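Topology and contacts: notes
Residue strings, one per chain:
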Amino acid sequence: MQIWLAQVGRVKLYLLDTDRHDNDPIDRWLTGHLYGGNQDTRIAQEVVLGIGGVKALTALGIKPSVYHMNEGHAAFCTLEIAREEIQKTGKSFYDIEQTVRNSCVFTTHTPVPAGHDVFSPDLMDSYFANYWPQLGLSREQFLALGARRLGDPWEPFGMTVLALRLSRAANGVSELHGEVSRKMWQILYPDRPENKVPISHITNGVHARTWTAPLLGDLYSEYLGEDWSSRVADPEMWAKVDEIPDAELWWRHQVLKERLIAHTRSKVKVARQNRGEDHDFIQAAENLLDPKVLTIGFARRFSPYKRGNLLLRDAERALRIFGNEQRPVQIIFAGKAHPADEEGKRIIQRLMDWCKHPAIRYRVAFIEDYDIYTGQKLVQGVDVWLNNPRRPLEASGTSGQKVCFNGGINCSVLDGWWCEGYKVGADGKGLNGWAIGEDANTSDQELQDRIDSESLYKLLEEEIVPLYYDQDENGIPHGWIEMMKASIKTNSPLFNTDRMLVDYVAQMYAPGAKVDAAPILASVGV
Ligand SMILES: *Cc1c(COP(=O)(O)O)cnc(C)c1O
């Protein structure tokens, strides 16, 4: 293995690399791709990350005060920290486990089961048979570190389980996700009620300056202060957004929307050419979308739980909304499916077909390669950001937060961060955006899809479209702009990385920060 150093601003970023001439050809490829391998590739990658990561830091002479594991992928690091400690002190695993735990914290990032790696005991044998003796453990004791329950020889080794067992503190990434995670992992804490499971939450945030369009950043400099980007967690600073004249905010927003449309046209045209579509359809890309029209953005990985086609559930009604002559609506989709996700690919196909419908062929666009550049253009240029996952599977979500810094307005299921961000007024209607469906889950997916799609159509027809098209003689929608300002004022001070980092330092990294970890079953019974 070799280590690369990338200097990111003032931060040193070390990268692990197996692509060395003295490695096997297969091993050289391990760090060259993220997804797509089998379980064997996956465990090898995680051994490199977790065990290799600790070895790399030791070789560099770096002694971290905290190891922060994000997802279980790096959880093998706990084993290597233990191994080094045992080698140094000659003590037993159970004597030093608390020392390991004192230096580790863990963040879980998704309630979707596929996001939590588990490995079969067979696979663990082939990678760790030489390793557990170095920890002074038997095979059973070792496998118990990753077992949700004991006594089943087929119980897989769970990376999240290992991380929870050997961390002093753990958190989810939004309030609701904390609650869902406590329920999900209560099995590890049989003597505790769900609300006492030691997983707290710190809600995600985004880096304001990276995601705020410079055109708006200039406006913030003028009205909030030159130093606005170093005071982003201050709600009083954001309250000054009210002083920005409506016309000023609006023309800047419109310019950003025009840039997004230009970007979309060129992307879509090239994609149509590459697919060998017919000439007229390729040419039509040049007239795609219109900056005067209410513009919705929807961008994410097309996993089925994100329900990329919820909007098409009642195709006729969707056509009436988007194809309306007087008050049309347009939407830009961006994203791709996981290579192995057939259902996700079908959803994309359905959207692509919908783009060709004569009534809306200029109102719907699909951008296939959703990267950071397209992401920036989208979150900076849309009027409305649509997010309709199946509750409660979106742990936090961050793209809707990026939109707020640019005056975009969220229309989202009350999942992840939006559960905390959404504010209602005295009339029970949204002050800073819209909530799709009810604040409740049903296990009946069909029913949930019906409730949520009905709610989405109704919001579009009765609130979103009328508010946008209520414009003065200069084309300025004052009611809409009031909501844009509410979106900026209420969300920006909360959903940024400055606030997030302060929370991590106080609640997770500070030496006193401590939650009781799950007892290791091995030490109480095996
Ligand atoms: C922000 C962003 C994401 C993550 O968005 P979520 O809402 O958290 O799913 C993914 N890809 C790109 C390109 C992004 O900019």
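Check the entry above for the structure.
A short tour of the structure in this document, coming up. (Residues numbered from 1 in each chain as written. Predicted model: local features only at pLDDT ≥ 70, side-chain atom pairs only at ≥ 80, totals over all residues. Heavy atoms only, no water.)

Here we come to the site of the ligand. Surrounding the ligand, one finds W211, K306, Y370, D371, I372, G397, T398, S399 and K402. Taking S399, its side chain carries an N or O atom lying 2.5 Å from an oxygen atom of the ligand. Take K402: an N or O atom from its side chain is 2.7 Å from an oxygen atom of the ligand. Protein coverage of the free-state accessible area of the ligand, which is 390 Å², stands at 73%. Of the residues contributing to the shell around the ligand, the split by class is 3 nonpolar, 3 polar and 3 charged. (Near = heavy atom within 4 Å. Polar contact = N/O pair within 3.5 Å; in protein donor to acceptor, adjacent residues only side chain to side chain. Areas by Shrake-Rupley, 256 points an atom, 1.4 Å probe, with all protein chains shown as cover. Nonpolar A, V, L, I, M, F, W, Y, C, P; charged D, E, K, R; others polar.)

This next bit is on the nonpolar core. Formed by 78 residues in total, the largest nonpolar core has its most connected members in W238 and W480. Looking at which element gives the most residues to this core, the answer is helix α19 (residues 445-469), with 7 residues. Once residues lying within four places of it in the same chain are set aside, the contact partners of W238 are Y220, L224, W228, V232, F405, I488, K489, S492 and P493. In terms of nonpolar packing, the next biggest core, distinct from the first, is built from 42 residues, A82, C104, F157 and L162 among them. (Core = buried A, V, L, I, M, F, W, Y, C linked by side-chain atoms within 4.5 Å. Buried < 20%, exposed > 50% of the residue type's maximum accessible area, 1.4 Å probe, protein only. Helix = DSSP H or I, 4+ residues; strand = E, 2+ residues; numbered from the N terminus. Contact = heavy atoms within 4.5 Å.)

Attention now goes to the sheet that holds strand β7 (residues 169-172). Taken in spatial order, the 4 strands of this open sheet run β3-β4-β7-β8, and their pairing is parallel. Sheet topology places β3 (67-70) and β8 (200-201) at the edges, where each strand pairs with a single neighbour. As judged from the 4 bridges shared by β3 and strand β4 (residues 104-107), these two strands associate in the parallel manner. Across the sheet, residue N70 finds its bridge partner in β4, namely T107. (Pairing = 2+ DSSP bridges.)

Before going further, it helps to spend a moment on the packing of helix α2 (residues 39-59) against helix α3 (residues 77-89). One way to put it is that α2 packs onto α3 with a least axis distance of 7 Å and a crossing angle of 45°. The orientation of α2 relative to α3 falls into the category oblique. When you trace α2 past α3, the crossing you get is right-handed. Two secondary-structure elements touch here, α2 through G50, I51, V54, K55 and T58 and α3 through C77, E80, I81, R83 and E84. Partitioning the contact of α2 with α3 into residue classes produces 4 nonpolar, 2 polar and 4 charged. (Axes fitted to C-alpha atoms, helices over the stretch in contact; angles between N-to-C directions. Parallel < 35°, antiparallel > 145°, perpendicular 65-115°, else oblique. Left-handed = near helix turned anticlockwise from the far one by under 90°.)

Reading across from one edge, β11-β10-β9-β12-β13-β14 is the order of the 6 strands in this open sheet, with parallel pairing throughout. Where the open sheet ends on each side, the last strands, each with one partner, are β11 (364-367) and β14 (433-436). Neighbour-to-neighbour, the strand axes of this sheet turn through a mean angle of 20°, independent of strand direction. The pairing of strand β10 (residues 329-334) with β11 spans 4 bridges and is parallel. Residue A334 lies in a different strand from β11, and its bridge partner there is I367. Sitting on the sheet, α19 touches β9 (294-299), β10, β12 (384-387), β13 (409-413) and β14, and the angle it makes with β14 is about 165°.

Honestly, that's just the spatial picture; any functional story needs more than this.
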